[in-house]
Structure formats: structure tokens, C-alpha cells
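# Fold and contact review
Here is how the chains run, residue by residue.
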Amino acid sequence: MKTLVLGASGQIGAYTVQDLVEFYKAEVIAASRKLANVKKAMWDLRLADRVKIIELDASNTGDVAKLAEAEKVDTVVNCAWYQTNLSVMEACIRVGAHYTDLGGLFDTTLKQLQLDEKWKSAGINATIGLGSTPGLTNIAGAAGAAKLDKVETINIYCTWGNTLPVKEPGWPGYSIRTVMDEFTQEPVMWLDGKHVKQPVLSGETTVAMQDPIGKITAYFVKHSEPATMGRYIGKGCRNVTFRIGFPSTDLATFKTLKNLGFADMTEIAIGEARVSPLDFLTAMYQRAISKSRGEPPSREEYEYDAFRIDVFGLRKESPATVTYHIITWNDPERGISSARDTSVPPSVVSEWQAKEKIKKAGVFPPEAIVDPVPFFVEVGKRKIRIEEHFTETRKFY
């Protein structure tokens, strides 16, 4: 298998390259907008002599297509910012390469799905929104729905944190640009069988997560799961909601960044330079991530990503609930953070596309195309821990 990974200098992209090389012996081309950044990322992960390193802008359709054709890649994994998804998909269509990405933050996801007929005609597969969330969460929702005769509601919750004595604010396990979008764009939920806009950080609720997390307070944020799951899960699914339970210190930090204008794309003058606040914040984020990769790994599990997916419905005409708890700790043995729960899924599906375990041509969200149980077993090899709990109500009258 030969795979092009775009955005390979980022936290997720670099780990996706690592997973493809270490678990599938894939021939990988690691690409990023800045050659120095991707070189350092591959060097830090001891991959510099095992992959081909390229400077490439994911937003440049022509350049991506030209490289993919010249290298005869089988698959493309887009770990760059979600706003490049459509341009990369166009490049894949031109050269006949399978495609996957980390998500489209609702609006881009819907635009990607509109390309389904074009991809069917080309005879290639695009499985979109395949990180941890969206990704793992969608597949868990599909797994739960398969156990029920009718689905009423799917509620998804996400959180992260650490067990350190002093809780300091930390970077999220996904793009800081996406975080700023989550704090500024209205979320859309699937409610009563249709998409309904909600106020930013509304829908406050308390939910119990896995030990040692306990109860969290979670809020609606804009995400891709409600864009697709209500329609693709089927079985009458009327409601799909997505909430994040931000750790309190991180919540305060992100609100402050938003209020200071760091979500703004308008360039401002700083001396003789001009840069947007969001681009500056992104550069600082990338520098912090790059620095962390070169630090000695922790000798114990201390930081986690966690998800809860509740699927409510009927089984044999009785109320039933299927709940999935997913948790990923940093891996001290491999020196990899809990963020691998986002980097591993696209690696797995890229391998499955190349090996024709996913054969169907077209554009699909993960809940429509990925077989849950084999997928859970595969990601479990990377210590991504998934538990299924089934509750059924029986009446004897």
C-alpha cells in the first residue's frame, strides 16, 4: 500500500504516519505546507528514514493531484484543516485514489456527501469524518443501532483531561483552529428528524463518564455527527446530539482566546508583518505540539480522551439502551499520547480501502460503511479501549 498523508506535521497527521508505517508497513509520503515542520515531526518520531517527506499545500488541488499521480498512491489521508477536504477530494477523483479525512465540521461534511454520485462513477471510495469524533463515535452509534429494532435518540459526549495533582490548562487533542470554530459557530443538532440550529455552548447537561472521570458538564458544539447519523443510521432515528465536556481550565482558556479575538481570520499589522490572530494562534499551537514530541515520554498513564455514546430505542417492542464507553490513555510503552484515538482510525480505513475490505464506491460517513466489530478489534490493538453496555426493560404485565 502506498499512502499520501497530508498535514503530516500536525499532532494527528504525524501519528497517522507512524501508525501506517508501524502497523501496516505502508509506503508513506508525509506531506505538509512547510518542509521544515514535517521533517522535524518525522525525525522526532524516528520515521525520517522510513517515509518520503514532501512540502505540499493540501489546498492546492493541482499540486496534490500531480504528486498523487506521479507517486501512484493507492490512498490519501487528509489530516490537514477540514477546509481543504473538498480540494483534496477533487485531486483524488482526478487520479483515482481512495480518500479519508478527520471530519468536515458539519457544513463541509454535507458538501462532501453531495459528491457521492461522482465518486461512484469514478469507482473509488471516500470515507469521511474518520477520527475519534467524528469517527469512533459514529461507528459506535451504528454498532448500537444494529442491536435495536428501532432507534429513537443517539447522544454523544466527549471530554479529555489528566490525573495530575495540579490541573493546568492544556492543548486539545485536535486542531486549535477547530476549537475556535466550535466556540464561534452555531451548532446544529438532529432534532425530531431535522437539523436545528442551537446557540453556541447551549444544551448544558451533566453526564457520568468512565472512571476516573466521573460527572462532567457538557455543551452543544458544532460537529459532524448530527450532520449524518440521523439519516445514515436509519431505523427511525429522530434525534442525534453532540456535546463536549471541556475541562474547566481549558474551557476558561478557550473562552478567553475567543474573547481576545484569536478566532479572527482578518490580518492585523505587527510591525512590518501582517498576520491573522487565528494563524498566529495556530503557529503557537503547532510549535507547542512539535516541542512536546521531542520530550521524553511519561512512564505512566496520566492523560486521557474519553467518549460516551448512548443509543436509545426499542428491542422486541421494549425500551432498550446500548451505551459505549471509549477511553484512550497515553501509551507509556510507545510514547504516544491519547490523541492516537484520532490518528489511528484513518490509518485503519486507509489500509482497508487499499486491501478492498472497504469496496463500495461513493462518499460515505463511517457509520454507513465501516464494520463496527472488526474495526473495534483493530483499534483495540493500539489500546483504544471500547466497552459496550446493553440495558433492556422487560415488563411482566
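In short, a report on the structure. (Residues numbered from 1 in each chain as written. Predicted model: local features only at pLDDT ≥ 70, side-chain atom pairs only at ≥ 80, totals over all residues. Heavy atoms only, no water.)

Here a disulfide denotes one covalent bond, and it connects the sulfur atoms of two cysteines. Under the counting rule described, the total for this entry stands at 0 disulfides. Left without a disulfide partner, cysteine 79 is nearest to the cysteine sulfur of cysteine 92, which lies 13 Å away. Look at cysteine 79 and you get buried, because its relative accessible area is 12%. There is no disulfide at cysteine 237, and the cysteine sulfur nearest it, in cysteine 158, is 19 Å away. Judged by its relative accessible area of 5%, cysteine 237 is buried. (Disulfide = S-S within 2.5 Å. Buried < 20%, exposed > 50% of the residue type's maximum accessible area, 1.4 Å probe, protein only.)

Buried residues dominate helix H9 (residues 225-233), accounting for 7 of its 9 residues. Each element contacted by the buried residues of H9 is listed here: helix H5 (107-113), helix H7 (136-146), strand S7 (150-162), strand S8 (188-191), strand S9 (194-197) and strand S12 (239-245). (Helix = DSSP H or I, 4+ residues; strand = E, 2+ residues; numbered from the N terminus. Contact = heavy atoms within 4.5 Å.)

Following threonine 133, the chain continues to proline 134 via a peptide bond in cis, the omega torsion being 5 degrees. Along the polypeptide, proline 134 turns up in the loop between strand S6 (125-127) and H7. With omega at 5 degrees, the peptide bond leading from aspartate 211 into proline 212 counts as cis. If you trace the backbone, proline 212 turns up in the loop between strand S10 (205-208) and strand S11 (215-220).

All right, on to the sheet that holds S6 then. An order of S3-S2-S1-S4-S5-S6-S17 is seen for the 7 strands of this open sheet, with the pairing classed as parallel. Each end of this open sheet is capped by a strand with a single partner; those strands are strand S3 (52-55) and strand S17 (362-364). Mean inter-strand twist for the sheet, computed between neighbouring axes without regard to direction, equals 15 degrees. As defined by bridge partners, strand S5 (residues 98-101) adjoins S6 across 2 bridges and the pair is classed as parallel. (Pairing = 2+ DSSP bridges. Axes fitted to C-alpha atoms, helices over the stretch in contact; angles between N-to-C directions.)

This part is about the environment of lysine 147. Mapped onto the secondary structure, lysine 147 falls in the loop between H7 and S7. Sequence separation between lysine 147 and phenylalanine 390 is 243 residues; the distance between their C-alpha atoms is 9.0 Å. Setting aside residues up to four positions removed in sequence, lysine 147 forms contacts with Arg315, Val322, Tyr324, Glu388 and Phe390.

Another point: the packing of aromatic side chains. This model, assessed by the stated rule, comprises 10 aromatic pairs. Between phenylalanine 246 and phenylalanine 254 the ring centres are 6.1 Å apart and the planes differ by 80 degrees, which places this aromatic pair in the edge-to-face class. Like phenylalanine 246, the residue phenylalanine 254 is buried in the burial classification. Geometrically, the ring pair formed by tyrosine 304 and tryptophan 329 is edge-to-face, given 5.3 Å between the ring centres and 65 degrees between the ring planes. Residue tyrosine 304 is found in strand S15 (residues 303-315), and its partner tryptophan 329 is found in strand S16 (residues 318-329); the two are separated by 25 residues along the sequence. In textbook terms, an aromatic cluster arises when at least three aromatic residues are bridged by ring pairs, as seen for Trp160, Phe183, Phe246 and Phe254. Its end group placed over the ring of tryptophan 81, arginine 177 keeps NZ or CZ at 3.9 Å from the ring centre. Here the guanidinium or amino end of arginine 382 rests over the ring plane of phenylalanine 23, the centre of that ring lying 3.9 Å away. (Phe/Tyr/Trp six-rings, centres within 6.5 Å; stacked < 30°, edge-to-face > 60°. Lys NZ or Arg CZ within 6 Å of the ring centre and 35° of its normal.)

Attention now goes to the pairing of S16. Most of S16 is tucked away, with 11 of its 12 residues classed as buried. In the sheet, S15 pairs with S16 via 12 bridges, with the strands oriented antiparallel. Residue pairing in the sheet places arginine 308 in a bridge with histidine 325 of S16. Counted between consecutive antiparallel strands, the loop separating S15 from S16 contains 2 residues, among which lysine 316 sits at a positive phi close to 55 degrees. Here 8 bridges tie S16 to strand S18 (residues 385-392), and the two strands are oriented antiparallel to one another. Bridge pairing links tyrosine 324 to glutamate 388 in S18.

Between helix H1 (residues 11-24) and helix H12 (residues 340-354), the least distance of the axes is 8 Å, while the angle of their chain directions is 45 degrees. If you check the angle between H1 and H12, you find them oblique. Here H1 runs over H12; the crossing is right-handed. Residue-level contacts link Ile12, Tyr15, Thr16, Asp19, Leu20 and Tyr24 of H1 to Thr342, Ser343, Val344, Pro346, Ser347, Val348, Ser350 and Glu351 of H12. Split by residue class, the contact of H1 with H12 holds 7 nonpolar, 5 polar and 2 charged. (Parallel < 35°, antiparallel > 145°, perpendicular 65-115°, else oblique. Left-handed = near helix turned anticlockwise from the far one by under 90°. Nonpolar A, V, L, I, M, F, W, Y, C, P; charged D, E, K, R; others polar.)

Moving on: the nonpolar core. Judged by nonpolar contacts, the single largest core of 81 residues is most densely connected at Val17, Met42, Ile154, Phe246, Phe254, Ile309 and Phe375. The element best represented in this core is H1, accounting for 7 residues. Among all residues touching valine 17, those that are not within four sequence positions of it are Val5, Ala8, Val28, Ala30, Met42, Leu47 and Val51. Core analysis: the second largest hydrophobic core is formed by 26 residues, Ile54, Ala65, Trp119 and Ala126 among them. (Core = buried A, V, L, I, M, F, W, Y, C linked by side-chain atoms within 4.5 Å.)

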